[in-house]
Amino acid sequence: MEKNQTFDLKGRVALVTGASRGIGYHLALELAKRGAHIIAVARTVGGLEELDDQIVKAGSTATLVPLDLHDMEAIDRLGNEINERWHKLDVLVANAGVLGSISPVAHVEAKTFEDVFEINVISQWRLIRAVEPLLKKSDCARAILFSSGVVHKPRAFWGPYAASKAAFEVLGRCWADELKNTSVKVNMASPGATRTAMRAQAMPGEDPNTLPSAEEIAAKIVQLASPDLEETGGFFDARKNRFLTYHVPD
């Protein structure tokens, strides 16, 4: 997939969750470089402030929102605040997520399992519900929802994370189908193994220098925010830099 990497987002508003580090941080920067105003959401204030400095250097602006996605009512309020200030939303990047524990399914603690689903599924649904009316007010809204390759190639010990991402991906595909006759394009993005803190947590013995950086992956995924994008309901593999085709099981 080779879209116009220099597409213009001036006058547009982009909401990025998990924006204080990793892929979310660099996607926010990629969008800002194209002129978008960034609503940067994360728990870590220091990371958000660092991002803000970089966005200003890139010639754009940001609104920092320190927010814990466990706070569902705060997600609802965020939607209301975006409506009051900007009256629309042009880009949604639902990047925030948690890994949980890498362990046998039967050994996962109930609290850990529930937390993974609360953040990776329930808070994402709450976010979708809060911003859908705002996306519909844009002339070419784009939603980028983060999935994972482990959804389609399940691996031992990755049960809670894989199951939560599978649930979110299916939710996103249903949402895309609901909006197929609107200007909102919804696609799932799979970054693949990337040099991030989450990857290091999952694979502590892995040499991070063998993996692409979050900046490299973000530079590919940002294509899904292009106003020229025609695909919706797709699965974008960042490592392959293209959409993959879904197949019904034989």
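As annotated in an unreviewed UniProt entry, the protein carries the name NAD(P)-dependent dehydrogenase, short-chain alcohol dehydrogenase family and is attributed to Bartonella apihabitans. According to its UniProt record, the protein has this under Sequence similarities (unreviewed entry): "Belongs to the short-chain dehydrogenases/reductases (SDR) family."

One finds Leu31, Ile38 and Ile221 to be the most contacted residues of the largest nonpolar core, which totals 36 residues. Listing elements by their share of this core, those giving two or more residues are strand E1 (13-17), helix H1 (22-33), strand E2 (37-42), helix H2 (45-57), strand E4 (91-94), strand E5 (142-146) and helix H7 (214-221). In terms of residue count, the dominant contributor to this core is H1 (seven residues). Contact partners of Ile38, with chain neighbours within four places excluded, come to Ala14, Val16, Ala28, Leu31, Ala32, Ile55, Thr61, Ala62 and Thr63. One finds Leu15, Ala74, Ala141 and Ala176 within the second-largest nonpolar core, a separate group that totals 34 residues.

So, about the pairing of E4. Every second residue of E4 is oriented toward a common face, with Val91 and Val93 on one face and Leu92 and Ala94 on the other, all of them buried. As paired strands, E1 and E4 are joined by three bridges and run parallel to one another. Bridging from a neighbouring strand, Val16 pairs with Val93 of E4. Handedness of the crossover joining E4 and E5 through helix H4 (residues 110-135) is recorded here as right-handed.

Taken as a whole and assessed by the stated rule, the structure comprises nine salt bridges. Two residues, Arg12 and Asp90, come together in a salt bridge whose shortest N-O distance is 3.1 Å. Linking Arg12 in the segment before E1 with Asp90 in the loop between helix H3 (72-86) and E4, this pair joins segments that are 78 residues apart in sequence. The pair formed by Arg12 and Asp90 is uniform in burial state, with each residue classed as buried. Salt-bridge contacts for Asp76 lead to Arg129; the nearest nitrogen and oxygen are separated by 3.6 Å. With a gap of 53 residues between them, Asp76 in helix H3 and Arg129 in helix H4 connect regions that are remote in the sequence. Classification of Arg129 as partly exposed rests on a relative accessible area of 45%.

Turning next to the layout of surface pockets. In this approach a probe as big as a water molecule rolls over the atoms, and the regions it shows empty are the leftover space. By volume, the largest pocket amounts to about 1400 Å³. What lines the largest pocket is a set of 49 residues, and nearest its centre among them are Tyr161, Lys165, Pro191, Thr196 and Met198. Contributions of two or more residues to the lining of the largest pocket are made by H1, E2, H4, helix H5 (159-178), helix H6 (197-202) and strand E7 (235-237). Of the residues assigned to the lining of the largest pocket, the class counts are 20 nonpolar, 18 polar and eleven charged. What the second largest pocket holds in volume is close to 170 Å³. As for the second largest pocket, its lining consists of His152, Arg173, Phe235, Leu244, Thr245, Tyr246 and His247.

Between H4 and H5, whose axes approach to 8 Å, the crossing angle comes to 15°. The orientation of H4 relative to H5 falls into the category roughly parallel. Between H4 and H5 lies a crossing of right-handed hand. Facing Phe113, Val116, Phe117, Asn120, Val121, Gln124, Trp125, Ile128, Glu132 and Leu135 of H4, the residues of H5 in contact are Pro160, Tyr161, Ala163, Ser164, Ala167, Phe168, Leu171 and Trp175. Of the residues contributing to the contact of H4 with H5, the split by class is 14 nonpolar, three polar and one charged.

In the case of a regular strand, side chains alternate between the two sheet surfaces. Buried residues dominate strand E6 (residues 185-190), accounting for six of its six residues. Sheet topology places E5 next to E6; five bridges connect them, and they run parallel. Looking at the pairing, Ile144 lines up with Asn187 of E6. The parallel pair E5 and E6 is bridged by H5, and the resulting crossover is right-handed. Where E6 meets E7, three bridges bridge the pair, whose relative direction is parallel. In the sheet register, Ala189 faces E7, and the bridge partner there is Phe236.

Conventions and cut-offs
Residues numbered from 1 in each chain as written. Predicted model: local features only at pLDDT ≥ 70, side-chain atom pairs only at ≥ 80, totals over all residues. Heavy atoms only, no water. UniProt positions renumbered as here; feature names shortened; annotations may be inferred. Core = buried A, V, L, I, M, F, W, Y, C linked by side-chain atoms within 4.5 Å. Buried < 20%, exposed > 50% of the residue type's maximum accessible area, 1.4 Å probe, protein only. Helix = DSSP H or I, 4+ residues; strand = E, 2+ residues; numbered from the N terminus. Contact = heavy atoms within 4.5 Å. Pairing = 2+ DSSP bridges. Right-handed = clockwise from strand over helix to strand, strands pointing away. Salt bridge = Lys/Arg side-chain N within 4 Å of Asp/Glu carboxyl O. 1 Å grid on protein atoms, 1.4 Å probe; cavity = no way out; pocket = protein on both sides within 12 Å on 5 of 7 lines; lining within 4 Å. Points joined across faces, edges and corners; volume = space filled by probe spheres on them. Nonpolar A, V, L, I, M, F, W, Y, C, P; charged D, E, K, R; others polar. Axes fitted to C-alpha atoms, helices over the stretch in contact; angles between N-to-C directions. Parallel < 35°, antiparallel > 145°, perpendicular 65-115°, else oblique. Left-handed = near helix turned anticlockwise from the far one by under 90°.

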